[in-house]
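Residue-level listing of the chains:
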Amino acid sequence: MMQTYKEQYRPQFHFSPEEKWMNDPNGMVFFNDEYHLFYQYHPFGTTWGPMHWGHAVSKDMIHWEHLPIALYPDDLGAIFSGSAVVDWNNTTGFFEKDKPGLVAIYTSAGTYPDSERPLQQQSLAYSKDNGRTWVKYEGNPVLSDVNITDYRDPKVFWHEETQKWVMVLATGQTITIYTSLNLKEWEFASEFGHTAGSHDGVWECPDLFKLPVDGGQEKWVMIVSIGDNGQSAKGSRTQYFIGQFDGTTFVNDHDDSTILWLDYGRDNYAGVSWSDIQDGRRIYLGWMSNWRYANQVPTEAWRSAMTLPRELSLTSTENGVRLFQKPVAEVHTIRKETESYPDIAIESGSNVSVPVNNSLLELTIEFEKVTSSQFGIIIQHSDEEKTVIGYNGIEEKLFVDRTLSGDNSFSTSFPAVQEAALTLANQRLKLQLFLDTSSIEVFANDGEVAVTSLLFPHKAGKELILFSNEGTTNAANIKLTELDSIWSR
Ligand code: FRU
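Residues numbered from 1 in each chain as written. Predicted model: local features only at pLDDT ≥ 70, side-chain atom pairs only at ≥ 80, totals over all residues. Heavy atoms only, no water.

Novice: Run through the side chain of R266, naming residues and quoting values.
Specialist: Along the chain, the position of R266 falls in the loop between strand 17 (260-261) and strand 18 (269-273). No salt bridge is formed by the buried R266. Its closest oppositely charged neighbour is D267, at 7.2 Å. (Helix = DSSP H or I, 4+ residues; strand = E, 2+ residues; numbered from the N terminus. Buried < 20%, exposed > 50% of the residue type's maximum accessible area, 1.4 Å probe, protein only. Lys, Arg positive; Asp, Glu negative; His and termini not counted. Salt bridge = Lys/Arg side-chain N within 4 Å of Asp/Glu carboxyl O.)

Novice: Tell me about empty space enclosed by the protein, and name the residues and values.
Specialist: If you walk through the whole model with that rule in mind, you get 5 cavities of 30 Å³ or more. When its volume is computed, the largest cavity comes out at roughly 110 Å³. Around the largest cavity sit 13 residues that line it, and S304, A305, S438, L454 and F456 are the ones nearest its centre. Within the lining of the largest cavity, the residues separate by chemical class into 8 nonpolar, 5 polar and no charged. Three or more residues apiece are contributed to the lining of the largest cavity by two domains, here domain 1 (20-327) and domain 2 (331-483). Taken as a whole, the second largest cavity spans an internal volume of roughly 70 Å³. What lines the second largest cavity is simply D24, P25, N26, S81, G82, D153, P154, K155, C205, P206, A270 and V272. When residues of the lining of the second largest cavity are traced back to their parent elements, those giving at least two are strand 1 (20-31), strand 5 (78-86), strand 9 (151-159), strand 13 (203-212) and strand 18. In the lining of the second largest cavity, the residues fall into 6 nonpolar, 3 polar and 3 charged. (1 Å grid on protein atoms, 1.4 Å probe; cavity = no way out; pocket = protein on both sides within 12 Å on 5 of 7 lines; lining within 4 Å. Points joined across faces, edges and corners; volume = space filled by probe spheres on them. Nonpolar A, V, L, I, M, F, W, Y, C, P; charged D, E, K, R; others polar. Domains from an automatic or database assignment.)

Novice: Tell me what's going on with the site of the ligand, and back it up with residues and numbers.
Specialist: Near the ligand you find 13 residues, and of these D24, Q40, R152, D153 and W291 are the closest. Within the backbone of S81, an N or O atom sits 3.2 Å from an oxygen atom of the ligand. Here an oxygen atom of the ligand sits 2.7 Å away from a polar atom, N or O, in the side chain of R152. Protein coverage of the free-state accessible area of the ligand, which is 320 Å², stands at 96%. Those elements that place two or more of their residues in the shell around the ligand are strand 1, strand 5, strand 9 and strand 13. Its residues placed into classes, the shell around the ligand shows 6 nonpolar, 3 polar and 4 charged. (Near = heavy atom within 4 Å. Polar contact = N/O pair within 3.5 Å; in protein donor to acceptor, adjacent residues only side chain to side chain. Areas by Shrake-Rupley, 256 points an atom, 1.4 Å probe, with all protein chains shown as cover.)

Novice: So what's going on with the pattern of salt bridges? Which residues, and what values?
Specialist: If you walk through the whole model with that rule in mind, you get 25 salt bridges. K136 is paired through a salt bridge with D74; the nearest N and O atoms lie 3.1 Å apart. You can see K136 sitting in strand 8 (residues 135-136) and its partner D74 sitting in the loop between strand 4 (65-71) and strand 5, a full 62 residues away along the chain. Note on K136: relative accessible area 26%, which makes it partly exposed. The residue R310 makes a salt bridge to E441 at a minimum N-O spacing of 2.8 Å. Of this pair, R310 sits in strand 21 (residues 310-317) while E441 sits in strand 32 (residues 439-444), and the two are 131 residues apart along the sequence. Put simply, D150, R152, D153 and E204 are held in one network by salt bridges that share partners.

Novice: Which residues make up unusual backbone geometry, and what values go with them?
Specialist: Residues N140 and P141 are joined by a peptide bond in cis, for which omega reads -5°. Considering the arrangement of structural elements, one finds P141 in the loop between strand 8 and strand 9. Despite not being glycine, N130 has its phi angle at roughly 55°, a positive value. Among the structural elements, N130 can be located in the loop between strand 7 (118-127) and strand 8.

Novice: How would you sum up the layout of surface pockets? Please name residues and give values.
Specialist: Rolled over the atoms, a probe as big as a water molecule pinpoints where empty space is left. The space that makes up the largest pocket amounts to roughly 780 Å³. F157, W158, D276, I277 and R282 are, among the 33 residues lining the largest pocket, the residues nearest its centre. Taken together, the elements giving at least two residues each to the lining of the largest pocket come down to strand 5, strand 9, strand 13, strand 14 (218-226) and strand 21. Ranked by the residues each element gives to the lining of the largest pocket, the list is headed by strand 13, at 6 residues. Taken together, the residues that form the lining of the largest pocket break down as 15 nonpolar, 7 polar and 11 charged. What the second largest pocket holds in volume is close to 600 Å³. Taken together, 30 residues make up the lining of the second largest pocket; nearest its centre are N319, A421, L422, E448 and V449. Among the secondary structure elements, those contributing two or more residues to the lining of the second largest pocket are strand 17, strand 21, strand 22 (320-327), strand 30 (417-421), strand 31 (428-436) and strand 33 (449-454). A total of 4 residues in the lining of the second largest pocket trace back to one element, the largest contributor, which is strand 22. Each residue belonging to the lining of the second largest pocket can be placed in one class, and the counts come to 15 nonpolar, 8 polar and 7 charged.

Just distances and angles here, no functional claims.
Here's what the structure looks like:
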């Protein structure tokens, strides 16, 4: 008998449901010392199906406690993606004086009466007991537009300056912004994006929030996931925009042709940020899969996991302001022993081997390119299987090659070399890698670039190999940390 969380490929320090299918994170909100994570959940199968909201809570966003399903399908349809907020001032009237509660704003995905034609509308549910039980609002749906077929994934926040709730909603190939005083009645404010950014697929799962640039002046970030169009090799992925927002209209700082990717790996989709975190951090988490093969990945009891939670920031680079991401500080809760290695010059043809006997690892390393054309790390999972994380100095690209990582058989779209353009300041590349049983997350140069990738090696780690082709590379500050399973408590 398989034991839960011990199965082959089961992520050990990433959130995954005990069993069955999961996709997007939903309703992420911090309230009464708990981080809530709801998620698109199909409790009867390991492929996508009638959507419910699954639920888990955490004190640190790393260790999770599973709770019963929060929202079940109803007469208006399945429960698609959405958000949750704390209604601090009881604008809805759902709560008692001085006892604020949670309101979930989600998409009811149904069909027209007597027809198969999809009808997506926005609905509310509220909870007076820290998200343990939910009541659906009797006035649902609260927002409909029969002219728009893809009309979903409301993300709501309180806009202090205008004293209104703001909703960003995915509306086909644009994001539509609505405002409200009470979450029940919504007014159209503006529409963004007809010609901006990537339109490779349907727009989904938006988010909008402000962040200081280099800790100073604030700008707004809009996140937009774009669905798999069935053609482009990359499947579903996530872009972002940087601009201004006045409570009504989002104005993009860039021209329409600029596309900014949130992640250069194949497996970070539909991510959004937590609402109501009080310590000033903006923390994001995504679904660690891709619609191109999510229904086929080789796991049996469950399907899919979430990325590590990541703190977002806006930082100036040579190319302009960019969204940086780094794993939340709370990852320290899973760090076991750290081993430091002496600085070393890696010569071409003489690779440096570091044996490992744990498949759960964090590696930090700083490379200095001296004369090499290509350098990096080979994760040798076993004699036959490896993942290569490298930098191509000629093309100035970071890459994560999973073509030989393990089981590739389930989808022709899975084997891939994932690349990110990255210019090195002072010829230096700082990498932080998190290796779980079936994924790797690579953060380069303090989070300027992230590459999130699933991998299905048949066996656990064997050794790490540092390599340098056609010349020398210096490696410094090499630290290898074993990580703990979050399910072992
Ligand atoms: C994104 C998405 C959302 C939708 C949900 C359905 O992955 O397609 O647009 O609400 O998944 O499960």
